[in-house]
Amino acid sequence: MKKIKQTVADVLMALTLFFMGAEAYQGASLGVFVMDNGQLLNVHTLQETVADLLEELGIELEDRDSISTPLNAQIHRGMVVEIERAYPIFIRINGQADLIPFYTLPSKPVVSIVADFSAEQGEYETFIFDPTIARHRPNRWEIIYVETIQWQFRYEYDYLAYERIYEESIFLPEGVEELYQEGQYGTLRHVYHVEYIGGQEVHRIHARNEVVEYPTPEIIHVGVGIPIGTRISACGEVFRYSRMMLVESTAYTLSYSCTGRRPGDPFFGVTASGMMAQVGVIAVDTNVIPFHTRMYVEGYGFAVAGDRGGAIRGYKIDVFFDTMAEALSWGRRHNVRVWILEDY
């Protein structure tokens, strides 16, 4: 009997201590309210932050879920933490068959949902929708129909006509025309700023024109040279010519400084063609004027190509004079006209 009384006393003592500890715990803990997707929880906690409280309660947040209080906020008595859970809807773009799942919050209207969806595309696309549903809050699995709206540059091309230019040429007989340069069309690009809705063009603005390639003018040479049959000899003879060219002219004599030979040298006075050097024999580049070609040199007279020299390359000639004084007087002349006679 005495043993039973002792056991009952021990149990009563334990219960007393338990309730005393519970009261102490209640006094030290903080009472907060957690509203999780419409379900209200009244809890007491010793945790310090909202994040710790949720972990204690085993509550996890998904990516698009919303919580009314920052996770690092300090717990205080009577705090209300509201959690709004996202649910799926579908987005259909430009009437395509594929549906794009998208998670949103029940409190968000269509206008906010489309703005969120556009921001996540990362392609600088903007979407429009039926404005009558802007404030509508879609239900779970509801389909929202949107269309893309885009502005893009569009290019169209035109030809630029080339100009025809007539230039006088002393290389052609008077009145003769010759195509010197073919004309080429240029390219003009028209730049438009085009608006597309749902992939269809609905509006365009002409922004500017750009020249991609300028045209090349057509150049026609019109002869103003001495007409065929014109008297070009002071001796009264009439000669016809096949062509006329502009050359650079120098002069030479039989001096050692010009030929590198002195009297007594077996080749003194002999030209490269075998002719004897004399007035009327000139040195040429035979790739331009062949040996024995007869010509008329402006300011010099009739001549024949009979020599060549190391410095005579291209459109250059070296005319012969008997004396050094005459050669020095001739000097170096540019743009000397030379008529190649037609009978040679």
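Attention here is on the structure that accompanies the text. This one's a predicted model, so the numbers in the text were calculated from it and none came from an experiment. Residue positions within a chain follow its written sequence, with the count starting from 1. Only residues with pLDDT of 70 or above have their local features reported here, since the model is predicted, and side-chain atom pairs are shown and tallied only from 80 upward, although totals for entire chains, interfaces and linings are computed over all residues. To get the side-chain values, take all heavy atoms of the structure and skip hydrogens and water.

**Some words on unusual backbone geometry**
Of note in this structure, Trp141 is not a glycine but carries a positive phi near 70°. Take Trp141: it is sitting in the loop between strand S7 (126–128) and strand S8 (143–160). Located in the positive-phi region is Asn335, a residue other than glycine, with phi close to 55°. With respect to the helices and strands, the residue Asn335 is situated in strand S19 (residues 333–341). With a relative accessible area of 57%, Asn335 lands in the exposed category. Labels follow the DSSP assignment, with helices taken as runs of H or I lasting at least four residues and strands as runs of E lasting at least two, numbered in each case from the N terminus. Each residue is assigned to one of three classes by its accessible area relative to the maximum for its type, calculated with a 1.4 Å probe on protein chains only: buried under 20%, partly exposed between the two thresholds, exposed over 50%.

**Observations regarding helix H2 (residues 50–57)**
Since there are 3.6 residues in each turn of an α-helix, residues three or four apart along the chain are aligned in direction. Of all the positions in H2, only Val50, Leu53 and Leu54 are classed as buried. Down the axis of H2, the smallest arc covering the buried residues is 95°, so these residues share one side. Contacts from the buried residues of H2 go to strand S1 (30–36), strand S2 (39–45), strand S3 (66–67) and strand S4 (80–84). Looking one or two residues past H2, Gly58 carries a phi angle of roughly 70°, positive in sign. Here, the arc refers to the directions that run from the helix axis to the C-beta atoms. Between two residues, a contact is recorded if the distance between any of their heavy atoms is within 4.5 Å.

**A closer look at the nonpolar core**
Only buried residues count toward a nonpolar core, which is a set of Ala, Val, Leu, Ile, Met, Phe, Trp, Tyr and Cys residues joined through side-chain atoms within 4.5 Å. The biggest cluster of nonpolar side chains holds 23 residues, and the ones touching the most others in it are Ile282, Met295, Val297, Tyr300 and Ile317. Looking at this core, the elements with two or more residues in it are strand S14 (241–252), strand S15 (281–284), strand S16 (294–297), strand S17 (301–307), strand S18 (316–320), helix H5 (324–330) and S19. Element by element, the count of residues in this core is highest for S14, at four residues. Contact partners of Ile317, with chain neighbours within four places excluded, come to Val247, Glu248, Ser249, Thr250, Ile282, Ala283, Val284, Ile289, Val297, Ile312 and Val338.

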